[in-house]
Amino acid sequence: MKVYNHKKIEKYWQDKWESDGLYTPDVKNSKKPFYNLWMFPYPSGEGLHAGHAFASTGSDIYGRFQKMNGMDVFQPFGYDSFGIHAENYAIKINENPREVIKRTTKNYERQMRSLGHGYDWSRTVTTSDPDYYKWTQWLFLKMWERGLAYKKKAAVNFCPSCKTVLADEQVMTPKAAGKDPKDKNGKVLKNSDDLKVCERCGTVVEKKNLNQWFFKITDYADRLLSGLEKIDWSERVSIAQRNWIGKSKGMIIKFESEMGELEVFTTRPDTLNAVTFLATSKLYKEGEIIKEKIGKFSGKHVTDPLTGRKIPIWDTNYVAPGYGTGIIMGVPTHDERDMEFATKYGIDIVKKDPDKKLWDTIEKKKWGKKHTNFHLRDWLVSRQRYWGAPIPMINCPKCGWVPVAEADLPVKLPEIKDYKPEGTGKGPLANHEEFYKVKCPKCGGGAERETDVMDTFVDSSWYFLRYPSVGAESSKSKAFDPAITKNMLPVDLYFGGAEHSVLHLMYARFVNMVMYDLGLLDHPAQGGPASGWDEPFPKFFAHGLMIKDGAKMSKSRGNVVNPDKYVEKYGADTLRLYLMFMGPMDGYPDFRDSGIEGMDRFLRRVWKIFTGNRDIHIKPNQVDSPKVLSKLHQTIQKVTKDIQEFKYNTAIASLMELVNVLYKEGKFTNTTKEVLVKLIAPFAPHMAEEIWQEVLDQSDSIHIQTWPKWKEEYLKEREAIIIVQVNGKFRGQFVVDAKESTDQKKMVSIAKRDKKVAKWLKGAKPKKEIFIAGKLVNFVV
RNA sequence: GUCGGAGUGGCGGAAUGGUAGACGCGAAGGCCUUAAGAGCCUUUGUCAUUAUAUGGCGUGGAGGUUCGAAUCCUCUCUCCGACACCA
């Protein structure tokens with residue numbers, strides 16, 4: 001028997017696949033393109049961990065399955081290498097981010113290659129390359145052109161440790177961030193859901209009034225919401241997006257007061273008849289957690305439009321200034337919070353049933369008008385940091401903000417030594433005159449560049465558009481080639497973590513919609529089919545998260561599992577199989593060393609089927625025993641369906657069952673062996689290839705063979721097991737020829753003859769007989 | 001607080017109205033071997049008993065629907081996730 005040497009064999013096939021261009025499809029002319037995308041990672045210093053391998057393998061299996069189903073699978077890989085995460089790491093080890101990225105991406109590539117994924121290594125993307133960020137800057141210019149980019153002073157989240165502003169979406173509870181909360185001096189605080197911390201470092205954020213660049217994502221709120229209906233996404237992710245957009249239909253009602261008109265947003269105009277006070281956000285303190293509602297009578301009143309009564313205005317701490325109009329109508333009888341407040345301060349409580357007609361009345365009498373409010377805020381994209389794409393805008397004292405000409409892109413990020421953030425409200429580039437002192441492109445006078453850089457999420461908001469065009473001639477003059485894009489996009493399957501539910505996935509959809517509106521995608525205005533798409537990810541699967549010892553893997557916890565050691569010891573195939581077998585793809589499997597041995601054992605058993613061994617007695621005169629034949633077809637069906645539903649764990653289990661049957665029966669054909677190796681190919685690509693080409697002596701790669709099809713006629717076993725129940729309790733079973741098993745009369749009479757069953761029937765005539773063809777007889781007595 | 005998801009052997013997990021625990025890990029026994037390892041073959045939810053068998057119990061808990069419920073319904077407990085005084 002040949003010994004399977006995974007170290008040599010895996011490397012051999014990885015190199016061969018690449019030199020044969022097996023995973024490099026013709027993106028321009030492909031007739032059956034399948035864009036299989038896994039969210040690109042940011043290259044961290046620790047390298048790839050088992051959680052990455054878990055997710056990427058899940059994506060790879062699906063891609064390989066599609067390939068065997070005749071699709072031209074395009075599966076790219078790249079690096080989200082710009083931004084705060086990469087930069088923070090570089091600062092920590094006191095190196096320039098540029099140098100760190102060179103090293104970490106190289107390490108990622110080595111690790112990724114070792115897992116044997118079907119990536120197209122000729123088309124990778126690194127967001128910190130000028131080649132790439134030139135187009136990120138171009139994207140900014142497009143936003144500006146469309147009036148979707150603007151700068152304004154706003155109260156924004158500021159991380160005192162990262163010394164930069166953050167988007168709303170990057171601020172979360174310590175638990176959600178997976179970090180221990182810290183104050184601005186780095187002192188660890190008691191963990192509490194009441195704290196709002198920086199996603200990256202866990203430091204409690206502050207609010208600062210700063211002049212910042214925003215993208216007007218709110219213009220797209222309704223489309224981002226309605227678009228969710230037409231895409232096939234994991235339910236929990238759609239729900240998270242829906243909540244984040246937070247559409248509320250209501251009215252803005254005007255109240256007359258001594259100080260003029262006050263506007264109030266409410267979703268319940270039908271409760272206007274029970275309003276007893278107005279509450280403002282005057283005492284609200286940003287960032288402070290409200291433990292108790294506090295209020296102070298303002299001394300002022302408004303007039304209730306309905307009754308003409310004077311009702312008091314209270315300044316309170318429980319109304320958020322950023323939502324609606326920042327003033328609410330207090331309706332104690334229909335809102336628990338208002339009730340609590342009214343009770344505490346002895347404010348009137350009026351009991352009146354809600355009146356639907358009020359919607360009309362208010363509008364007719366012009367007391368107010370219908371208004372839809374969103375939770376979604378504009379996307380804050382500027383960062384006072386070094387490691388990002390410079391914002392391509394120039395501020396001229398005469399002309400105001402002027403965009404950099406497209407021909408002058410990229411605005412290169414200069415190599416500087418003092419790249420650490422200072423927290424002055426300006427980025428490190430603001431210390432470099434040679435960078436920011438420029439001439440105004442419009443009037444030629446002295447002007448200054450913007451010195452902030454863009455948020456990482458801008459980089460990652462369009463990378464999927466770039467991938468297929470990488471290497472194309474046109475990629476030098478365009479962000480993405482129109483013909484290639486038309487052929488390859490939208491993404492057929494997007495595979496990624498649920499933690500990106502509201503961040504990346506919302507931004508990417510938004511940017512894609514803007515590109516669509518610009519006519520840059522497959523848009524009717526371009527002469528393309530009317531099937532223009534503005535959703536980039538019609539199908540998205542949210543995979544779970546691998547944990548270790550009950551917690552998310554993180555360097556600070558010291559529970560990061562490096563896949564290298566398992567690839568070294570067992571090989572990539574065994575590791576892949578193990579990662580997939582641990583549980584369902586959308587679950588939270590806990591990595592353990594025990595268990596991987598079982599996968600190693602399984603693969604060795606598979607190997608022995610093909611290379612012969614005294615452990616398996618393959619009988620001569622090869623035919624498939626009936627048992628083998630039905631099991632084989634059941635397995636084809638099960639594996640096919642399970643892969644389609646990302647239930648890889650049960651797919652692998654059924655492959656094991658098949659192998660167990662083959663060992664037991666020892667009677668099967670070469671055709672059966674070929675089917676087995678094809679079914680295993682997506683999970684264990686190296687061994688499958690070795691068996692296919694070296695043992696079975698086939699000339700083409702197994703990964704471009706046709707996926708096996710099951711035949712209905714073989715699915716059924718020749719014999720059927722009929723279960724006999726008395727009053728729904730299992731009392732016996734018998735085996736009959738499958739053909740007879742649907743004959744109710746016959747089955748009932750056999751069942752009655754069963755000794756054990758007869759005992760339970762006690763000779764009495766059953767009240768009722770229930771018969772499920774081919775499965776079960778149940779007597780009710 | 002609101003919205004989601006989940007609770008099944010020693011462990012990871014199967015089963016979405018029809019034999020609960022597939023498959024794997026772990027454990028026990030046997031074969032092989034000078035030996036060890038590997039491999040192969042059994043057994044493995046739990047309790048009772050007259051023990052290769054028979055029966056009871058058993059999917060967080062309590063009810064219900066049904067001939068039949070892990071699965072459907074009602075209430076309840078616990079854990080996890082998202083959002084959060086969103087008006």
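Residues numbered from 1 in each chain as written. Chains lettered and ligands numbered in written order. Predicted model: local features only at pLDDT ≥ 70, side-chain atom pairs only at ≥ 80, totals over all residues. Heavy atoms only, no water.

Q: Could you give me a rundown of the overall build of chain A, with the residues and numbers involved?
A: Secondary structure summary: chain A contains 25 helices and 32 strands in total. If you line up chain A on its principal axes, its C-alpha atoms span 100 × 75 × 60 Å. The burial tally for chain A puts 54% of its 781 residues in the buried class. Look at the contacts in chain A between residues 6 or more apart in sequence, and 74% of them connect residues 24 or more apart. In the form shown here, chain A has an accessible surface area of approximately 35400 Å², with 49% of it arising from carbon and sulfur atoms. Taking the average location of the 123 positive side-chain charges in chain A and that of its 100 negative ones, the two points are 4 Å from each other. (Helix = DSSP H or I, 4+ residues; strand = E, 2+ residues; numbered from the N terminus. Buried < 20%, exposed > 50% of the residue type's maximum accessible area, 1.4 Å probe, protein only. Contact = heavy atoms within 4.5 Å. Areas by Shrake-Rupley, 256 points an atom, 1.4 Å probe, with all protein chains shown as cover. Lys, Arg positive; Asp, Glu negative; His and termini not counted. Charge placed at Lys NZ, Arg CZ, Asp CG, Glu CD.)

Q: For a negative patch on the surface, give the residues involved together with the corresponding values.
A: Taken together, the side chains of D418, E422, E433, E434 and E448 make up a negatively charged region of the molecular surface. Within the secondary structure layout, D418 lies in the loop between β21 (400–403) and α11 (433–436). For D418, a relative accessible area of 34% corresponds to the partly exposed category. (Patch = residues over 30% accessible without salt bridge, like charges linked within 9 Å, V, L, I, M, F, W, Y side chains within 5 Å. Salt bridge = Lys/Arg side-chain N within 4 Å of Asp/Glu carboxyl O.)

Q: Residues and numbers for the pattern of salt bridges, please.
A: Taken as a whole and judged by the stated rule, the model has 32 salt bridges. The salt bridge partner of D120 is R123, with a shortest N-O separation of 2.5 Å. A residue is classified by how much of its surface remains accessible, and D120, at 0% relative accessible area, is buried. With relative accessibility at 11%, the residue R123 sits in the buried group. Where E535 meets R509, a salt bridge forms, and the shortest distance between an N and an O atom there is 2.7 Å. Residue E535 is found in the loop between α15 (504–517) and β26 (539–543), and its partner R509 is found in helix α15; the two are separated by 26 residues along the sequence. Comparing E535 with R509, the two get one shared label, buried. Among the charged side chains, a network of salt bridges with common partners joins R223, K230, D517 and D534.

Q: Help me get a handle on empty space enclosed by the protein, residues and values and all.
A: In the structure shown here, the tally under the stated rule is 3 cavities of 30 Å³ or more. Put simply, the largest cavity is a space of about 100 Å³. Lining the largest cavity are 14 residues, and of these G83, I84, R383, D455 and T456 lie nearest its centre. Broken down by secondary-structure element, the contributors of at least two residues to the lining of the largest cavity are α3 (84–92) and β24 (453–454). When the residues that make up the lining of the largest cavity are grouped by side-chain class, the tally is 5 nonpolar, 4 polar and 5 charged. (1 Å grid on protein atoms, 1.4 Å probe; cavity = no way out; pocket = protein on both sides within 12 Å on 5 of 7 lines; lining within 4 Å. Points joined across faces, edges and corners; volume = space filled by probe spheres on them. Nonpolar A, V, L, I, M, F, W, Y, C, P; charged D, E, K, R; others polar.)

Q: So what about helix α1 (residues 6–19)? Which residues, and what values?
A: Taking 1.5 Å of rise per residue, the 14 residues of α1 would be expected to cover 20 Å, and the 20 Å separating its terminal C-alpha atoms lies within 8% of that figure. Every buried residue of α1 is listed here: H6, I9, E10, W13, Q14 and W17. Projected down its long axis, α1 shows its buried positions confined to an angular sector of 125°, all on one face. For α1, the exposed residues lying more than 90 degrees away from the buried face are K8 and S19. As for α1, its buried residues are in contact with α2 (50–68), α4 (97–114), α16 (564–570), α17 (572–581) and α22 (685–695). A positive phi of about 65° marks G21, the residue just after α1. (Expected span 1.5 Å × (residues − 1). Arc of directions from axis to C-beta.)

Q: Residues and numbers for the sheet that holds strand β6 (residues 164–166), please.
A: What the 4 strands build is an open sheet, ordered β6-β5-β9-β18; its pairing is antiparallel. The open sheet has two edge strands, β6 and β18 (379–380), and neither has a second partner. Where strand β5 (residues 149–159) lies against β6, 3 bridges are found, and the strand directions are antiparallel. Its bridge partner being in β6, F158 is matched across the sheet by V165. Helix-sheet contacts for helix α5 (residues 130–145) involve β5 and β9 (206–215), and the interaxial angle to β9 is about 85°. (Pairing = 2+ DSSP bridges. Axes fitted to C-alpha atoms, helices over the stretch in contact; angles between N-to-C directions.)

Q: Could you give an account of the packing of helix α19 (residues 626–644) against helix α21 (residues 670–680), with specific residues and numbers?
A: Here α19 crosses α21 at 20°, and the two axes come no closer than 11 Å. Considering their axes alone, α19 and α21 lie roughly parallel with respect to each other. The interaxial crossing formed by α19 with α21 has left-handed handedness. Between α19, through V628, L632, T635, I636 and V639, and α21, the contact on the second element is made entirely by T672, V675 and L679. Here the residues of the contact of α19 with α21 sort into 6 nonpolar, 2 polar and no charged. (Parallel < 35°, antiparallel > 145°, perpendicular 65-115°, else oblique. Left-handed = near helix turned anticlockwise from the far one by under 90°.)

Q: Describe the packing of aromatic side chains, naming the residues involved and giving the relevant values.
A: Inspection of the entire model under this criterion finds 51 aromatic pairs. Judged by centre distance (6.3 Å) and plane angle (55°), the ring pair of Y62 and F65 falls under tilted. Here Y62 and its partner F65 are both found in helix α2, 3 residues apart, which amounts to about one turn of the helix. Of the two residues, Y62 and F65, neither departs from the other in class, the shared state being buried. Ring geometry for F341 and Y345: centres 4.9 Å apart, planes at 50°, overall tilted. Remark: Y345 and F341 occur in helix α9 (residues 336–345); sequence separation between them is 4 residues, near one turn of the helix. Owing to a relative accessible area of 0%, F341 belongs among the buried residues under this scheme. Through a chain of ring-to-ring contacts, three or more aromatic side chains come together here, namely F140, W144, W213, F215, Y220, W379, W401, F457, Y507 and F510. Lying over the aromatic face of F214, K152 brings its terminal NZ or CZ to 5.4 Å of the ring centre. (Phe/Tyr/Trp six-rings, centres within 6.5 Å; stacked < 30°, edge-to-face > 60°. Lys NZ or Arg CZ within 6 Å of the ring centre and 35° of its normal.)

Q: Tell me about the pairing of strand β11 (residues 248–257), and please be specific about residues and values.
A: Of all 10 residues making up β11, 7 are buried, and the element is well covered by its neighbours. Pairing analysis gives 7 bridges linking β11 to strand β12 (residues 260–266), with the strands arranged antiparallel. Pairing of E256 across the sheet is with E261, part of β12. Taking the residues between adjacent antiparallel strands as the criterion, β11 and β12 are bridged by 2 residues. As paired elements, β11 and strand β14 (residues 295–303) share 2 bridges and run antiparallel to each other. Pairing of S257 across the sheet is with V302, part of β14.

Q: Please provide a residue-by-residue account of the pairing of β5, values included.
A: Residues in a regular strand point their side chains to alternate faces of the sheet. By the bridge criterion, 10 bridges tie β5 to β9 in an arrangement that is antiparallel. Each bridged residue has a counterpart across the sheet, and for F158 the counterpart in β9 is E206. Counting the residues between successive antiparallel strands, the hairpin from β5 to β6 contains 4 residues, one of them, K163, with a positive phi of roughly 55°.

Q: Tell me what's going on with unusual backbone geometry, and back it up with residues and numbers.
A: Look at the link from L409 to P410: it is a cis peptide, with omega at 0°. Tracing the chain through its elements places P410 in the loop between β21 and α11. Here the phi dihedral of D697 falls at roughly 60°; this positive angle occurs in a residue that is not glycine. Relative accessible area serves as the criterion here: at 65%, D697 is assigned to the exposed category.

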